[in-house]
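# Fold and contact review
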Amino acid sequence: MSEITKEIRQAEDERIRKDFPILDGSFTYLDNGATTQKPECVLEAVDNYYRTMNANPMRGLYKLSLDATEAYEEARETVRSFINADSTEEVIFTRNATESLNLVAYTYGRAFINEGDEVVITIMEHHSNMIPWQQLCKEKGAKLTYIIPDEDGTITEEKFRSYMNPHVKLVSMTHISNVLGVKNDVKTFARIAHENGAVFSLDGAQSIPHTKVDVQDLDVDFLSFSGHKIYAPMGIGVLYGKKALLEKMPPFLFGGEMIEYVTTEGATWNELPHKFEAGTVNDGGAVGLSAALKYVSSIGFDRIEERELHLTKLMMEEMKKLPYIHILGKEAPEDHHGIVTFTIDGVHPHDIAAIFDEHNVDIRAGHHCAQPLMKFCHTPSTVRASIGLYNTEEDVYKFLDALKKIRSEMGYQD
Amino acid sequence: MANTFYNEILTDHNIHPTHKYKLEDATFSLEGVNPSCGDDVVLYIKVNDENTIEEASFFGDGCAISQASADMMCDLIIGKSKEEALRLSDIFLRMIKDTITPEEKEELEEAGILEDIHHMPARVKCAVLGWHTMDQIFKDADEGKIDKYDGKFEQ
C-alpha cells in the first residue's frame, strides 16, 4: 500500500466526516463499541423506504408490498455478500446480536445439547453470549466451561485444545473482545472444534465493523452481529447459520410468515430463512443495514483498519506516558482493534466519564456487560474509548487533553 | 477549561475523608449497595444513651460523589439526635429530587454543594446512597428488626 500522507489522511477525514450529519464538531464521539453514528446514506435509505415502498413485506399481492419484499430480500443479499455466506437462506434477520445468540441457544441448544454434554465459552464473553448458555446448561443439566485466557487476553491454540473433550458439543466465543479489544484466532478454533465434533458459534458484534468477517473462510457454523454497531439503525441484527444446521433446528418464535400450512391441530414450518422470522419484520431496518454495509464496503476494510490502527497507536502511545493510567489487554495497538479500556489511579470510572462529559468527550464507563471478565481483570469497572471509521486525530487529541486534566480536576497534585 | 462539577470541597472529601473508617463499637451498621454501578458503602452509627449520634463513619468503594456525600453526611449528623438526622436526610433527598428553600440548604452545610446533582440523573443514586442507608438503619431499628444490626441493603 502506498504511504498515507498527512494530506491524504486529512482529505479522507473530511470526506468521511461529511457523511455523518450528527458529527457537527460539538462533541467527540468515542463510544463506538456501544453503538455507532449513522451516515447520511443510511438515513436516506430508511427514509426512502418509508416514504416510497412501505407495506407489509411477503404478505400483499399488490405492487407496494412486492416492492417492500424486494427491498427486504435485496438487503438479505447485501448481508450474504458482505459476510460471504453461501446462500441467502443462511441469513436470518433478528433484532440484534443478543437475539441471534439467544436464537442459537434456544433452538439449536435446546434440540441438540443434552444432559452430560458440555458447552464451552470464554471468560471474555459479553453477557449476551454468556447468560443464554448459563440458562441452557441449567435447564439441560449440561456443563458450561469458561476458557480462561492468559492475563493479557491471549487464548493460544494449545490452550483452546486443552478445553476440548468428547463431551463438548458446542463452542461459542467472541471474535473481538468488547473490553480487551483482543481478536481470537477463531479460524483455528473452529477447525479444532469441528475435529472434536462440536459446532462453533461466533459472536461478531465487535468484529464486524472493524475487520473482514468471511463465514466460509473462518468456517464458523453460526455468526451473530448487530446492525447498529456497523453504522446501521438499532433494532436490526443478523444470524448467519449453515443451512444444514438451520434446517434441522426447530423454530425460535411462532406466528406469521414462519409457517407453511396451518390447521387448528398444528402447523408445518416455512422454508429457510423465513422459518426463523416470525411476525412482521423490520424492513426499514434491513434496508438501513444494507445501505450501511454498502457504505462500509465503499470505504473498504483496508482503509478502515489502517485508519483505526493509526488512531489507536496515537492514543495508546500518549496514554502509556502517563504513569497513573493502566490499559487492559495486550501491549500492541494492533491487538486492540480500536478498543482501549483503562483505569486511572485514584479516580472512579464514573467520575472519569463525568469529567470527559464536561469536556464533551463521549466514552463508556462501567463493567461493559462483562462482569466475569472484570473480575478476572481484578477491577469492578473501567473506562473504554472505542474508535470508529469516522474518528480523526483531532478526536484523539481532544480525548487526550481531557484525560490529562482528570487527576488535577479530582484534586490530585501530580 | 470546562466548568467542572468536581469542586474543591467535593474532591477534598473524596481524597481526604474525615470519617472513612470501620467503627468497631457501632450501635448499628448497614451496607448500602448500588447494584447497577457498584457503589458500596458500609455505614456505622454509634448512638449514646441520650439518643445522640456520638460517632458516624463509613467504609467502602465508589465514585467520588458517593464517597464525598457519605463523608459530608457523617460530618453533619454527628452530635445530632436520630430525629434531627432523619429530618436533615429528608431535606437532602428533597434537594436531590426536587427543590428546597435557601434556609433548608443552609442547614445541610457542605452537603448543600451536591444540589446540582438534581440536574444529573445518572448520578442521583451515588449521591443518596449514604443517606438512604442511614434512613434504613433507623427504620429497621424502629421496627425492632435490629438491636445491633449488621446487614446489607440495595437501594
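Residues numbered from 1 in each chain as written. Chains lettered and ligands numbered in written order. Predicted model: local features only at pLDDT ≥ 70, side-chain atom pairs only at ≥ 80, totals over all residues.

## Some thoughts on the overall build of chain B
The criterion, for reference: Secondary structure follows DSSP: runs of H or I at least 4 residues long count as helices, runs of E at least 2 residues long count as strands, and numbering of each begins at the N terminus. The quantity called the radius of gyration is restricted to C-alpha atoms. Its globule counterpart is 2.2 Å times the number of residues to the power 0.38. Here a residue counts as buried when 20 or more other C-beta atoms sit within 10 Å of its C-beta, as exposed when there are 12 or fewer, and as partly exposed otherwise, the C-beta atoms being derived from the backbone. Working definition of a contact: two residues with C-beta atoms, positioned from the backbone, lying within 7 Å.
Helix and strand counts for chain B come out as 5 helices and 4 strands. Secondary structure elements of chain B occur, N-terminal to C-terminal, as α-β-β-β-α-α-α-α-β. For 155 residues, the compact-globule formula gives about 15 Å, and the C-alpha radius of gyration of chain B, at 15 Å, lands near that figure. Summarising its shape, the C-alpha atoms of chain B cover approximately 50 × 35 × 25 Å along the three principal directions. In chain B, which comprises 155 residues, the proportion classed as buried is 41%. When contacts within chain B are restricted to residue pairs at least 6 apart in sequence, those whose partners lie at least 24 apart make up 62%.

## Some thoughts on the nonpolar core
What counts, and what does not: Here, a nonpolar core denotes buried Ala, Val, Leu, Ile, Met, Phe, Trp, Tyr and Cys residues that are linked to one another through C-beta atoms within 7 Å.
Core analysis: the largest hydrophobic core is formed by 84 residues, its most contacted members being Ile352 and Phe399 of chain A together with Leu43, Tyr44, Ile45, Met73 and Ile77 of chain B. Among the elements that take part in this core, helix 2 (residues 64–77) of chain B stands out by supplying 9 residues, more than any other. In terms of nonpolar packing, the next biggest core, distinct from the first, is built from 73 residues, Ala75, Ala85, Ala97 and Trp133 of chain A among them.

## Re the pairing of strand 12 (residues 339–344) of chain A
Residues and elements named next belong to chain A. For clarity, the threshold we go by: We treat two strands as partners when DSSP finds at least two bridges between them.
Across the 6 residues that make up strand 12, a large majority, 6, are buried. Going residue by residue along strand 12, you find Ile339, Thr341 and Thr343 tucked away on one face and Val340, Phe342 and Ile344 tucked away on the opposite face as well. The pairing of strand 11 (residues 325–327) with strand 12 spans 3 bridges and is antiparallel. Of the residues in strand 12, the one forming a bridge with Ile327 is Phe342.

## Some remarks on the interface of chain A and chain B
How we decide: The nonpolar class holds Ala, Val, Leu, Ile, Met, Phe, Trp, Tyr, Cys and Pro. Asp, Glu, Lys and Arg form the charged class, and all remaining residues, Gly among them, are polar.
Tallying the contact residues gives 12 residues for chain A and 13 residues for chain B. The greatest single-element share of the side of chain A that touches chain B, amounting to 4 residues, is contributed by helix 12 (residues 349–358) of chain A. Its residues assigned to classes, the side of chain A that touches chain B shows 3 nonpolar, 6 polar and 3 charged.

## Comments concerning helix 1 (residues 6–18) of chain A
An α-helix turns once per 3.6 residues; consequently, residues spaced three or four apart project the same way. Here is the rule we go by: Helix span, expected: 1.5 Å multiplied by one less than the number of residues in the helix.
Here helix 1 of chain A contains 13 residues, and its C-alpha end-to-end distance of 18 Å stays within 8% of the 18 Å for a straight helix at 1.5 Å per residue. Across the 13 residues of helix 1 of chain A, 1 count as buried, placing the element largely on the outside.

## Some points on the sheet that holds strand 11 of chain A
Residue and element names in this part refer to chain A. To keep things clear, this is the line we draw: The angle between two axes is taken between their N-to-C directions and runs from 0 to 180 degrees, where each axis is a line fitted to C-alpha atoms and a helix contributes only its stretch in contact.
Taking strand neighbours across the sheet as the criterion, the 4 strands line up as 11-12-15-14 in an open arrangement whose pairing is antiparallel. Both outer strands of the open sheet, strand 11 and strand 14 (364–366), are each paired with one neighbouring strand and no more. Between one strand and the next, the sheet's axes are offset by a mean angle of 30°, whatever the strand orientation.

## Comments concerning the environment of Ile259 of chain A
Inspection of the secondary structure puts Ile259 of chain A in strand 9 (residues 259–262). When the C-alpha atoms of Ile259 of chain A and Trp133 of chain A are compared, they prove to be 27 Å apart, with 126 residues separating the residues in sequence.

## Comments concerning the environment of Thr154 of chain A
All names here are of chain A. For Thr154, the location among the structural elements is in the loop between strand 4 (143–147) and helix 6 (157–162). Along the sequence, Thr154 and Val182 sit 28 residues apart, while their C-alpha atoms lie 7.5 Å from each other. Those residues in contact with Thr154, other than ones at most four positions away along the chain, are Pro149 and Val182.

## Overview of the sheet that holds strand 5 (residues 168–174) of chain A
All names here are of chain A. The strand order across the open sheet built from 7 strands is 2-8-7-6-5-3-4, with neighbouring strands paired in mixed fashion. Single-partner strands in this sheet number two, and they are strand 2 (91–94) and strand 4. If you compare each strand with its neighbour and ignore which way they point, the axes differ by 20° on average. Two elements, strand 5 and strand 6 (residues 199–203), share 5 bridges in a ladder whose sense is parallel. Its bridge partner being in strand 6, Met173 is matched across the sheet by Leu202. Contacts between helix 3 (residues 63–83) and the sheet are confined to strand 2, strand 7 (222–226) and strand 8 (237–241), with strand 2 contributing the most and set at about 115° to the helix.

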